[in-house]
Structures are given as C-alpha cells and as structure tokens.
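What follows is the residue order along each chain.
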Amino acid sequence: QVQLVESGGGLVQAGGSLRLSCAASGRTFSAYTIGWFRQAPGKERDFVAAISWGGGSTYYADSVKGRFTISRDNAKNTVYLQMNSLKREDTAVYYCAADHRLVISDPTKYDYWGQGTQVTVSS
C-alpha cells in the first residue's frame, strides 16, 4: 500500500509561484514513478510532470516546460512541483500519483493517487 498526500496549493496571482509537495508513505519508492496531474472544472485530467524515483529522470507536458520543475527528496519520500510564472489556465486541482513502473503520462496506468490540492490563479 502507498499513501500520497499533496499540499501547498492556494490562491496566487498570475505570474506568481507555488510549490506543491507530495509526501509518500507505506512503501519505498526506489522503483516508482511519481506523476503530477491536474484537472480543471469541466476538463479532463491532464499530465503535468513525472519523475522516476530511482533514476531521477524527469518529464514535462509541453504546456508547463520552462515554468514548472519536478524534483524529489528521497530521504523525505517527497516529490515537489515548483510552479513559476503561473497563468490563469493553470487553475486546477493538482494530484500526485505513483506506480511501480515507469508510467509517465497516462493517468490510467497509475495505481496510487493522492486526494488533490487546489491551485487557483487569478487575473
């Protein structure tokens, strides 16, 4: 069993920054992929970024490249999503997800999900 808890969401003006955290417990993540997804009202759940826990390879959606950075702290079993230059279209509920395999961008392939954290960008 893997438990994931997101935090760090909130209200920010366009151009501002937020850092989301995804804290994992219950299992080690040396062989896991951790992904970030987001879902806006009335929209599908979209891939944002992913990281391979053991190898450290990172992957990004085109819409966030150059603005968002995914990173990990293995000692804390935590993955971060640093979001800079936020736009109104970034407004969504952000979810972290985990899988034992290198899954990357397909949300249907992830076995474990957090509860989500709301990010609202005004302007």
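How each quantity is defined
- Residues numbered from 1 in each chain as written.
- Predicted model: local features only at pLDDT ≥ 70, side-chain atom pairs only at ≥ 80, totals over all residues.
- Heavy atoms only, no water.
- Pairing = 2+ DSSP bridges.
- Helix = DSSP H or I, 4+ residues; strand = E, 2+ residues; numbered from the N terminus.
- Axes fitted to C-alpha atoms, helices over the stretch in contact; angles between N-to-C directions.
- Polar contact = N/O pair within 3.5 Å; in protein donor to acceptor, adjacent residues only side chain to side chain.
- Contact = heavy atoms within 4.5 Å.
- Disulfide = S-S within 2.5 Å.
- Buried < 20%, exposed > 50% of the residue type's maximum accessible area, 1.4 Å probe, protein only.
- Core = buried A, V, L, I, M, F, W, Y, C linked by side-chain atoms within 4.5 Å.
- Salt bridge = Lys/Arg side-chain N within 4 Å of Asp/Glu carboxyl O.

Would you take a moment to explain the sheet that holds strand 8 (residues 78–83) for this structure?
Backbone-to-backbone hydrogen bonds join strands into a sheet, with any given pair of strands oriented parallel or antiparallel. The antiparallel open sheet is built from 4 strands, whose spatial order is 1-3-8-7. Two strands bound the open sheet, and with one partner strand each, they are strand 1 (3–7) and strand 7 (68–73). Shown here is a sheet whose adjacent strand axes are inclined to one another by a mean of 15 degrees, direction ignored. Direction of pairing for strand 3 (residues 18–25) relative to strand 8: antiparallel, over a ladder of 6 bridges.

Before we go on, may I ask you to explain the side chain of Thr91 in this structure?
With respect to the element layout, Thr91 can be found in the loop between strand 8 and strand 9 (92–99). Only 3.0 Å separates the side chain of Thr91 from the backbone oxygen of Arg88, close enough to count as a polar contact. Here the side chain of Thr91 touches Val121 through a polar contact of 2.9 Å, landing on its backbone nitrogen. Thr91 has contacts with Ala40, Gln118, Val119, Thr120 and Val121, leaving out every residue within four places of it along the chain.

Just to check I follow, could you spell out the state of the cysteines for this structure?
Should the sulfur atoms of two cysteines be covalently bonded, the bond is a disulfide. Scanning all chains against the criterion turns up 1 disulfide. Note that Cys22 is cross-linked by a disulfide to Cys96, the S-S spacing being 2.1 Å. In this structure the cystine formed by Cys22 and Cys96 twists about its S-S bond by roughly 70 degrees; its chirality is therefore right-handed. On the criterion of sequence distance, the pair formed by Cys22 in strand 3 and Cys96 in strand 9 is long-range, its members being 74 residues apart. Here Cys22 and Cys96 have matching classes, each one buried.

What is the right way to look at the nonpolar core in this model?
Side chains of a nonpolar character, in soluble globular proteins, are inclined to be buried together. Trp36, Val48, Phe68, Val79, Leu81, Met83 and Tyr94 are the most contacted members of the largest nonpolar core, which totals 34 residues. Only strand 3, strand 4 (33–39), strand 5 (46–52), strand 7, strand 8, strand 9 and strand 11 (117–122) provide two or more residues apiece to this core.

Would you mind showing me how to read the pattern of salt bridges here?
Any two side chains of opposite charge can pair, on the condition that their charged atoms come close. Evaluation of the coordinates by the stated rule reveals 4 salt bridges. We note a salt bridge from Arg101 to Asp99, for which the minimum N-O separation is 2.7 Å. Of the residues examined, Arg101 reaches a relative accessible area of 47% and is grouped as partly exposed. One salt-bridge network, in which partners are shared between bridges, spans Arg38, Arg67 and Asp90.

Sorry if this is basic, but what is going on with the environment of Ser63 here?
Along the chain, the position of Ser63 falls in the loop between strand 6 (58–60) and strand 7. The class of Ser63 is partly exposed, set by a relative accessible area of 42%. Distance from Ser63 to Val48, taken between C-alpha atoms, is 8.0 Å for residues 15 residues apart in sequence.

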